[in-house]
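# Overview (structure and organization)
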Amino acid sequence: MSNIRHALNVKRADDFAQWYQEVISAADLAEESGVRGCMVIKPWGYGIWERIQRLLDDRIKNTGHDNCYFPIFIPLANFEREAEHVDGFAKEMAVVTHHRLIQDQKGKLVPDPAAKLEEPLVVRPTSETIIGDAMARWVQSWRDLPLKTNQWANVVRWEMRTRMFLRTSEFLWQEGHTAHADAAEAKEHTLRMLEVYRACAEEDLAMPVIAGEKPENERFPGAVETWSIEAMMQDGKALQAGTSHYLGTNFAEASGIRYQDPEGSQQLCHTTSWGVSTRMIGGVIMTHGDDDGLRVPPTIAPRQVVILPMLRGKEGDDALIEYCQSLHDQLAKQSAFGERLRVLLDTRPGKAAAKRWDYVRKGAPVIIEVGGRDMDNDVVSLLRRDQMWAENGKPDFQTPTREEAANGMQELLYAIQANLFQQAKERRDANIRTDITDIEGLKEHFADTAVHPGWVQVAWSKPTGADLDAVVETLKDMKLTVRNVPMDDTPTTGACIFTGAPAVERIYVAKAY
RNA sequence: CGGGACGUGGCGCAGUCUGGUAGCGCACUACACUGGGGGUGUAGGGGCCGUAGGUUCGAAUCCUAUCGUCCCGACCA
């Protein structure tokens, strides 16, 4: 046990925040950019994002959406139209005020006063307003509805405190925007996209989530309802991994999105918006990472299988590479999860044993090392990243024949995917308490640092306004937040843990990212 | 944005208090040895010490400003 020499210097149990950063650098996912709050996403990290994009984009297309692209700059006046929206975002906006630079007396480049924009442009923090404008043009008749669009884009929110992938000033995301004829259809669509996110998180990212409705205080600025998927990280904190909003007619009114109904009268559209971002990658790290680095689920791994020939820089290398190449080709012809296998044969000079640890840290699901002796016996040495340590504290290499390795790969990848999900789900379920019925109990539970705090689901009366503010304040003192009310929540009885009034539903309470 | 810490070769650090012009480990390069495993040895390459001013004969070291990073808080779809 303790004689295992892990690939990272920091252990999750010792310092989770530092471990998180260590994984990002050790797995070569991203690095600092020198620009406050902005990061450089490196090939392995971006490769994971591309995988998520591909899989989610398919799901979005399959639910009837087409991709568009809207400008990164939004006229200030345009942004001003929805009051709550402005309140929510005004304090974190990047603003463009000039369109030219000139050199001052000292030779420094400064904005040219003569090139000041008459109306400043804001860098989009989200695109409801500018897409609303387009929708107002595109929608005339009830026959134009529903209008279902999506865009993949970057957005900017001037964050006070940033953390790689979890909260950066600039981040990449997908934002869907739809317009519907009535509330029922729009609400139904909001939930449909929430379900798409749930499926994407659980099936593609192997990250179990709770899908549910956000309480009033956590709503998106300008939304009537906000729904989310919440994932539990290994330190017990909750991560909001995706949101879906029913916007009512708020943005339709602001942008004039109207249609003529079959009877000939003008009606306001009901709109929705929903998004997931590169934050998902932070979720993958904190869901699947271990003391040896990242573990990437096969569905989103840029490379699912890495083959490392044990080269010696001598004659014999060529035959070994040929042997590995044939394994590579055999694997690359196969499929799993409805796609061709992604296999890397790494023939760069260097020791296989040394390179192995790079891929362990990156979390490649399957690592295959092949030496001369393997070749002679027509076998390979195969390491499963999701269960890589043997009893003796050494990497647990299996030695199937080349045929067995090739023929069993699809099944192996399915098994790894399932195992990662299972591990995460068991850990989450083991860390949810549902038996706490008073504030004191809540305090005790979260004060005891010896116990993994996780989440607590409590009965509550769904307070609003000032009553809700009081609840939020109470929780804040304990560094807790209300997360969401799960969709499959059954009617509850008893008293609200906060107000004492009759409870109407059960909500998750947790520390959060 | 408030409090704290920090910024020295790719990474991790020492040197800063007591100014004299840069060092260690890992990584990297070459060669040799080794050869089922993150190996060993020898020899090398790489840094105007975040940036800009200032004090001084002389600044990584002292002063000022500024940029960036981390932690705590406030804030946050």
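Below is a summary of the structure that appears in this document. Throughout, residues of each chain are indexed from 1 in the direction in which the sequence is written. Chains carry letters and ligands carry numbers; both start at the beginning, A for chains and 1 for ligands, and go up in the order they are written. For a predicted model such as this one, the threshold for reporting local features is a pLDDT of at least 70, and the threshold for listing and counting side-chain atom pairs is 80 or more; totals across whole chains, interfaces and linings nevertheless cover every residue. Water and hydrogen atoms were dropped before computing side-chain values, which therefore reflect all heavy atoms in the structure.

### A few points about the sheet that holds strand S21 (residues 366–370)
Reading across from one edge, S20-S17-S21-S22 is the order of the 4 strands in this open sheet, with mixed pairing throughout. Of all strands in the sheet, those bounded by a partner on one side alone are strand S20 (343–345) and strand S22 (381–384). Between one strand and the next, the sheet's axes are offset by a mean angle of 15°, whatever the strand orientation. Contact definition: two residues touch when any of their heavy atoms are within 4.5 Å. Where helices are involved, their axes are fitted lines through C-alpha atoms of the stretch in contact, as for all axes, and angles between N-to-C directions lie from 0 to 180°. By definition, any uninterrupted DSSP run of H or I lasting at least four residues is a helix, any uninterrupted run of E lasting at least two residues is a strand, and each is numbered from the N terminus. Together, strand S17 (305–309), S20 and S21 form the strand contacts of helix H9 (residues 317–332), whose direction differs from that of S20 by roughly 170°. Any two strands with at least two DSSP bridges between them are considered paired.

### Things to note about a negative patch on the surface
Only residues whose relative accessible area exceeds 30% and that form no salt bridge enter a patch; like-charged residues are grouped when within 9 Å of one another, and nonpolar side chains (Val, Leu, Ile, Met, Phe, Trp, Tyr) when within 5 Å. Only the protein chains shown count as cover for residues, and the accessible areas themselves come from Shrake-Rupley with a 1.4 Å probe. For salt bridges, the criterion is a side-chain nitrogen of Lys or Arg within 4 Å of an Asp or Glu carboxyl oxygen. In this tally, Asp and Glu contribute negative charge and Lys and Arg positive charge; neither His nor the terminal groups of the chain are included. Lysine's charge is taken at NZ, arginine's at CZ, aspartate's at CG and glutamate's at CD. The grouping of Glu216, Asp467, Asp469, Glu473 and Asp477 at the surface amounts to a negative patch. Position of Glu473 relative to the elements: it lies in helix H14 (residues 465–477). The cut-offs for exposure are 20% and 50% of the maximum accessible area for each residue type, with area from a 1.4 Å probe on protein chains only; residues under the lower value are buried, those over the upper are exposed, and the others partly exposed. Overall, Glu473 belongs to the partly exposed group, its relative accessible area being 43%.

### Describing the protein's contact with RNA strand B
The near set for a molecule or strand comprises every residue that places at least one heavy atom within 4 Å of it. Taken together, 39 residues form the shell around RNA strand B, and within it Arg157, Arg161, Met310, Arg312 and Arg373 come nearest. Sugar plus phosphate: this is where 41% of the atoms of RNA strand B within 4 Å of the protein reside. Within the side chain of Arg167, one N or O atom sits 2.4 Å away from a base oxygen of RNA strand B. Elements represented by at least two residues in the surface near RNA strand B include exactly helix H1 (16–26), helix H10 (352–362) and helix H11 (372–377). At 4 residues, H10 tops the list of elements feeding residues into the surface near RNA strand B. When residues are sorted by character, Ala, Val, Leu, Ile, Met, Phe, Trp, Tyr, Cys and Pro go into the nonpolar class, Asp, Glu, Lys and Arg into the charged class, and all the rest, Gly among them, into the polar class. Taken together, the residues of the surface near RNA strand B break down into 13 nonpolar, 8 polar and 18 charged. Think of a polar contact as two N or O atoms within 3.5 Å of one another; within protein, one of them needs to be a possible hydrogen donor and the other a possible acceptor, and neighboring residues in sequence only count if both atoms come from side chains.

### Topic: the nonpolar core
Take the buried Ala, Val, Leu, Ile, Met, Phe, Trp, Tyr and Cys residues and link them wherever side-chain atoms come within 4.5 Å; each set so joined is a nonpolar core. If you look at the biggest cluster of nonpolar residues, it comprises 61 residues, and the most contacted ones within it are Trp19, Leu29, Ile48, Phe165, Met207, Ile285 and Leu294. For this core, the element with the highest residue contribution is helix H2 (residues 43–62), accounting for 7 residues. Residue contacts for Ile48: discarding those within four places in its chain leaves Leu29, Ile281, Leu294, Val296, Ile300 and Pro302. Residues Leu320, Leu327, Leu341 and Leu382 belong to the second largest nonpolar core, which totals 26 residues.

### Looking at the layout of surface pockets
Size it by volume and the largest pocket reaches roughly 1,300 Å³. Cavity: a set of points on a 1 Å grid over the protein atoms alone where a 1.4 Å probe fits but cannot get out. Pocket: an open set with protein on both sides within 12 Å along at least five of seven lines, its lining residues, like those of a cavity, having an atom within 4 Å of a point. Along the walls of the largest pocket sit 42 residues, with Arg157, Arg167, Glu218, Gln240 and Arg279 positioned nearest its centre. Those elements that place two or more of their residues in the lining of the largest pocket are helix H4 (83–89), strand S10 (170–180), strand S13 (238–246), strand S16 (270–277), H14 and strand S25 (481–482). Looking at side-chain class alone, the lining of the largest pocket contains 14 nonpolar, 15 polar and 13 charged residues. Grid points are joined across faces, edges and corners, and a volume is the space filled by probe spheres set on the points. Here the second largest pocket defines a volume of roughly 760 Å³. Lining of the second largest pocket is provided by 26 residues; of these, Arg163, Asp235, Lys237, Lys511 and Tyr513 occupy positions nearest its centre. Residues of the lining of the second largest pocket, tallied by class, amount to 11 nonpolar, 5 polar and 10 charged.

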